[in-house]
Amino acid sequence: MVFNLGSQAIQISIDTTYTFHENVKPSGYTISKFVGFPKIPSFLTIHNPLRELLPGFNDRSGISVWTRMGRRTLDISKFIQIVNDFQPTFFQVLSDYDVSVSSSVKRIRKSTSRNLEYLNEVIQKIDSSARSAFGTIEVSWFLVSPFDAEIALTHMLEKQHDFNGFILNGVKTSGKINPINISNIIAKLPENKPRFTPGEFKLWEIMDLVRSGVDLFDSSVVTRVSEEGQVFSLQLEKLNHSKATATPVLPSNESIPAKSNQINGDFSSDNENFSAAQLVLNLREKQYFGDFSPISTTCNCYTCRKYTRAYLHHLLCTSELLGPVLLMMQEQITFSES
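Residues numbered from 1 in each chain as written. Predicted model: local features only at pLDDT ≥ 70, side-chain atom pairs only at ≥ 80, totals over all residues. Heavy atoms only, no water.

Engineer: Help me understand the packing of aromatic side chains, please; the structure alone is not making it clear to me.
Structural biologist: The description of two aromatic rings rests on the distance between their centres and on the angle between their planes. For the structure shown, the criterion picks out 12 aromatic pairs. Both rings, one in Tyr-302 and one in Tyr-307, keep their centres 5.8 Å apart while their planes meet at 65 degrees; by these two values the pair is edge-to-face. Tyr-302 sits in the partly exposed class, given a relative accessible area of 37%. Every member of this aromatic cluster is reached through a ring pair, and the members are Phe-43, Phe-90, Phe-134 and Phe-196. Taking NZ or CZ as reference, Lys-78 lies 4.8 Å from the ring centre of Tyr-18, over its face. (Phe/Tyr/Trp six-rings, centres within 6.5 Å; stacked < 30°, edge-to-face > 60°. Buried < 20%, exposed > 50% of the residue type's maximum accessible area, 1.4 Å probe, protein only. Lys NZ or Arg CZ within 6 Å of the ring centre and 35° of its normal.)

Written as structure tokens, this is what we have:
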């Protein structure tokens, strides 16, 4: 299946919609049409990328997801039912994510084995011409047992014609980038299939990952920055000189200046200081109390057309829900077009 990577997608996670599919199925609608965006592609993932996952709950029966009703076990049958009911444009294949740098080799082997089993069953039972599957690679496999990771990756590549992309999961855990050179993993993947990395990354980390070959990201950074009362600075436009080509939310690899030590897998703290100062504005600061200009004079979004920095400052300082919502509307456009 071919879908337009030049447009944004609605990301929906199973943990936040665990029983919602039961209401969607009778309508016969795709999840995009059901929520009022019939022309926008949808991306079904397993977890909310802003949620920290608890270890020790996955087993042979399935993986654990944390819903509003508590922990639930998601097995392959339930997963396939959800995918068929939602009819997403593309989706993440079930993955045994409970691995880390501290996992044993035995645990890694269980994870790789289960992931291959999940992928095989999805290929057999879900029509790939109607929906596009993304196979999941857990980065921790390569950190703990490169040998088993290579075997699992080889098996996935043998079936690459049956799915449409790759997810590199666990690049960042507990707020820290894992010590691995992502470029080495991506170099083994086919160039014609997109690579998606979920999770909450800083802007400078995203830039480093784009240089490493990652194509797609979720909008976690937009959500987090908005909740903190910050907006992307117009100086971001000085760093990125062209529109995105390979990804819906990021500039192309060539358009990003080489500013970090990522070549050796080192996401430099110097790069963090540089980016934090130049890429965001904090509208909670007192200097915006009397600033009656919009966030951006060149942006035509609803927020910039209707509201001033002073009003947004007021909403944030009084903890009004509307504040982060308006910032998120503006920043999603800024992030997408940068």
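Still to come is the rest of the account.
Engineer: Where do I start with unusual backbone geometry in this structure?
Structural biologist: Leaving glycine aside, a negative phi is the common case for residues, and trans is the common case for peptide bonds. The phi dihedral of Gln-87 falls on the positive side, at around 50 degrees, and the residue is not glycine. Mapped onto the fold, Gln-87 is located in the loop between helix 3 (76–86) and strand 5 (90–92). (Helix = DSSP H or I, 4+ residues; strand = E, 2+ residues; numbered from the N terminus.)

Engineer: Even after reading the chapter, I still don't get helix 8 (residues 203–212), so can you show me in this structure?
Structural biologist: Quick reminder: α-helices carry 3.6 residues per turn. Residues three or four places apart thus point the same way. Of all 10 residues that make up helix 8, 9 are buried, and the element is covered over most of its length. Taken as a whole, helix 8 has its buried residues at Leu-203, Trp-204, Glu-205, Ile-206, Met-207, Asp-208, Leu-209, Val-210 and Ser-212. Phi turns positive one or two residues past the end of helix 8, at Gly-213, with a value near 115 degrees.

Engineer: Which parts of the structure should I look at to understand the nonpolar core?
Structural biologist: Counting 59 residues, the largest nonpolar core has Leu-74, Phe-79, Phe-91, Ile-137 and Ile-182 as its most contacted members. With 6 residues, the single largest contributor to this core is helix 3. Excluding its chain neighbours within four sequence positions, the residues that come into contact with Phe-79 are Ile-14, Ile-46, Leu-74, Phe-91, Gln-92, Val-93, Leu-94 and Val-122. Residues Tyr-288, Cys-304, Leu-312 and Leu-316 belong to the second largest nonpolar core, which totals 13 residues. (Core = buried A, V, L, I, M, F, W, Y, C linked by side-chain atoms within 4.5 Å. Contact = heavy atoms within 4.5 Å.)

Engineer: Looking at this structure, I do not really get the side chain of Glu-331. What am I missing?
Structural biologist: One can find Glu-331 in helix 14 (residues 322–337). Although Glu-331 is buried, it forms no salt bridge, and the closest oppositely charged side chain is Arg-284 at an N-O distance of 11 Å. Residues within four places of Glu-331 in sequence aside, it is in contact with Val-222, Val-225, Ser-226, Gln-230, Val-231 and Phe-232. (Lys, Arg positive; Asp, Glu negative; His and termini not counted. Salt bridge = Lys/Arg side-chain N within 4 Å of Asp/Glu carboxyl O.)

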